[in-house]
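Residue-level structural notes
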Amino acid sequence: MTHFQKLFIDNLRFWRKKKGISQLKLSEMVNISPNYLNAVENGKNFPSPEVIQHISDVLELMPYQLFLEHPAEGVSVNMALSDLMAIKQRFVKEISKLIKKYQEI
């Protein structure tokens, strides 16, 4: 098992338990079999990107939070969205400057 897989497994368990969701309930919510989820949490299988997205949606996380070294210190969805909005605003501002510059040429 790779470090990457171990992080995912540890974080999946951490967030699932923190949210008070059993393996059975999570498997139902994600629409996967309980046996498959158990195999994932035991390192026997690794989920597809689609399943990772479904899991993160159900757990109300950004997918990257399932791969953090210290999940309890993860960024909330609201903080991530706030950061993305700030980046978008800077991007739009810079693009507007470039457009104006090239319109003058």
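Below or above, wherever it landed, is the structure these notes cover. (Residues numbered from 1 in each chain as written. Predicted model: local features only at pLDDT ≥ 70, side-chain atom pairs only at ≥ 80, totals over all residues. Heavy atoms only, no water.)

Topic: the nonpolar core
We apply this condition: Side-chain atoms within 4.5 Å link the members of a nonpolar core, which is a set of buried Ala, Val, Leu, Ile, Met, Phe, Trp, Tyr and Cys residues. Categorising residues by exposure relies on relative accessible area from a 1.4 Å probe, with only protein chains included: less than 20% of the type maximum marks a residue as buried, more than 50% marks it as exposed, and the intermediate range marks it as partly exposed. Here a strand is any run of E in DSSP of at least two residues, a helix any run of H or I of at least four, and the numbering for each starts at the N terminus.
Counting 15 residues, the largest nonpolar core has Phe 8, Leu 12, Leu 26, Val 30, Ile 55, Leu 59 and Leu 66 as its most contacted members. Of all the secondary-structure elements, those providing two or more residues to this core are helix H1 (3-18), helix H2 (23-30), helix H3 (34-41) and helix H4 (49-58).

A short note on the environment of Asn 31
For Asn 31, the position within the fold is in the loop between H2 and H3. We classify Asn 31 as exposed; its relative accessible area is 70%. Expressed as a C-alpha distance, the spacing of Asn 31 and Val 51, which sit 20 residues apart in the sequence, is 8.9 Å.

Points about the packing of aromatic side chains
Where we set the bar: To pair, rings of Phe, Tyr and Trp, with the six-membered ring standing in for Trp, must have centres within 6.5 Å; the planes then decide the type, stacked if under 30 degrees apart, edge-to-face if over 60, and tilted in the middle.
On inspection of all chains with the given rule, the structure shows five aromatic pairs. Taken together, a centroid distance of 6.0 Å and an interplanar angle of 40 degrees make the contact between Phe 4 and Phe 46 tilted. Taken together, the residues Phe 4 in helix H1 and Phe 46 in the loop between H3 and H4 connect sequence positions 42 residues apart. Using a relative accessible area of 46% as the deciding quantity, one classes Phe 4 as partly exposed. On the accessibility criterion, Phe 46 (31% relative accessible area) is partly exposed.

Thoughts on H3
The following threshold applies: Only heavy atoms matter for contacts: two residues are in contact if any of them lie within 4.5 Å across the pair.
Along H3, the residues that are buried comprise Leu 37, Ala 39, Val 40 and Glu 41. Where H3 is buried, its residues touch H1 and H2. Once H3 finishes, Gly 43 follows within two positions and takes phi at roughly 75 degrees, a positive value.

Some remarks on the packing of H2 against H3
Put simply, the rule reads: For every element, the axis is a line fit to its C-alpha atoms; helices are fit only across the contacting stretch, and the angle between N-to-C directions ranges from 0 to 180 degrees. Reported orientations rely on four angle classes, namely roughly parallel under 35 degrees, roughly antiparallel over 145, roughly perpendicular from 65 to 115, and oblique for the rest. Put simply, a crossing is left-handed when the front helix is turned counterclockwise from the back one by less than a right angle, and right-handed when it is turned clockwise. Classes in brief: Ala, Val, Leu, Ile, Met, Phe, Trp, Tyr, Cys and Pro nonpolar; Asp, Glu, Lys and Arg charged; the others, Gly included, polar.
H3 packs onto H2 with a crossing angle of 115 degrees between their chain directions and a minimal axis gap of 8 Å. In terms of axis orientation, H2 runs roughly perpendicular to H3. Seen from above, H2 lies across H3 with right-handed handedness. Together, Gln 23, Leu 24, Leu 26 and Ser 27 of H2 and Pro 34, Leu 37, Asn 38 and Glu 41 of H3 make up the contact between the two elements. Of the residues belonging to the contact of H2 with H3, the class tally is four nonpolar, three polar and one charged.

Structural notes on the environment of Val 30
Topologically, Val 30 is positioned in helix H2. Placed 26 residues apart in sequence, Val 30 and Ser 56 show a C-alpha to C-alpha distance of 9.4 Å. Those residues in contact with Val 30 that lie beyond four places of it in its chain are Val 51, His 54, Ile 55 and Val 58.

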